[in-house]
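Per-entry structural report
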Amino acid sequence: MKFTEKRFRWFVLIPVVAVAGGVWGGYYNATEPARAAQDSAVIRAAADVSVAVPAADTSDSRAVTMPFRNDSPDPVTLTSLILPFADQMTWTPVQMTLQPGQTGYPLVMVPAQCLSGLPAAGSGPLRTAPVKHSATEQQVTTVYMKVNTIDGNTHGITLGATGALAVAAYNCGKVTVQ
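In short, a report on the structure. Within each chain, residue numbers correspond to sequence positions counted from 1 in written order. Where totals are concerned, whole chains, interfaces and linings use all residues; where local detail is concerned, this predicted model gives features only for residues with pLDDT of at least 70, and gives and counts side-chain atom pairs only at 80 or more. Only hydrogens and water are set aside; all other atoms, that is, all heavy atoms of the structure, feed into the side-chain values.

**A closer look at the pairing of strand 9 (residues 107-111)**
- Paired strands, in this sense, are two strands between which DSSP finds at least two bridges. In DSSP terms, a helix is any run of H or I states spanning at least four residues, a strand is any run of E spanning at least two, and both are numbered starting from the N terminus. Of the strand pairs in this sheet, strand 3 (residues 61-65) and strand 9 are connected by five bridges, and their pairing is antiparallel. Residue A63 lies in a different strand from strand 9, and its bridge partner there is M109.
- Taken together, the two bridges between strand 6 (residues 90-91) and strand 9 define a ladder with antiparallel strand orientation. For T90, the partnering residue across the bridge sits in strand 9 and is M109.

What follows is the structure, given as structure tokens:
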């Protein structure tokens, strides 16, 4: 095989590109944990059971908590909370910032009739087993949250309501069957 000038360029260029790709790949893999921390917001529901708050009650609506926990490595700020299948239940739009490992208790205003069957606010948890629901019916407890991480990224998170908020969603929410 004869080494022409064109072949010689290719034999030099290919190893240079391979070494550059290896260096870039090593850097990319080494910086992955930092990128993952910036791009993630690990939030979970049911850290505590949702309860009605006695002090915030009015005649036609009740304040109910929607507990969520920040399991991400950075602080997060709650900016939105929506129950899409129970639109008569509205979040009191008070932004809150949670540090890593902290649980937040935003309030959702719920029509009083949606809490029928629950003990009076502040009197303790339910003492009967929860009713079993189909997978389609369970969609009614869906909660959409938006949180901002410390770097300003917005993350949309889907959670499920528990406790008093779940009971209210089952009593007053609607899921369209497809």
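**Concerning the nonpolar core**
- What is meant by a nonpolar core is a set of buried Ala, Val, Leu, Ile, Met, Phe, Trp, Tyr and Cys residues, joined one to another through side-chain atoms within 4.5 Å. Burial classification: accessible surface area is computed with a 1.4 Å probe over protein chains only, and a residue below 20% of its type maximum counts as buried, one above 50% as exposed, and the rest as partly exposed. Counting residues in each nonpolar core, the largest one holds 32 residues, and the members touching the most others are M66, L81, M89, V110 and L165.
- Listed by contribution, the elements that provide at least two residues to this core are strand 1 (43-45), strand 5 (76-82), strand 7 (96-98), strand 9, strand 10 (142-149), strand 11 (154-160) and helix 4 (163-172).
- In this structure, V110 is in contact with D60, S61, R62, V64, M89, L115, L165 and A168, ignoring residues within four places of it in sequence. Only heavy atoms enter the contact rule, under which two residues are in contact if any of them lie within 4.5 Å.

**A few points about the pairing of strand 5**
- Counting buried residues in strand 5 gives five out of seven residues, a clear majority hidden from the surface.
- Alignment of strand 5 against strand 7, held across three bridges, turns out to be antiparallel. Bridge assignment links V76 to a residue of strand 7, and that residue is L98.
- Where strand 5 and strand 10 come together, six bridges link them in antiparallel fashion. Looking at strand 10, one finds that L81 is bridged to M145.

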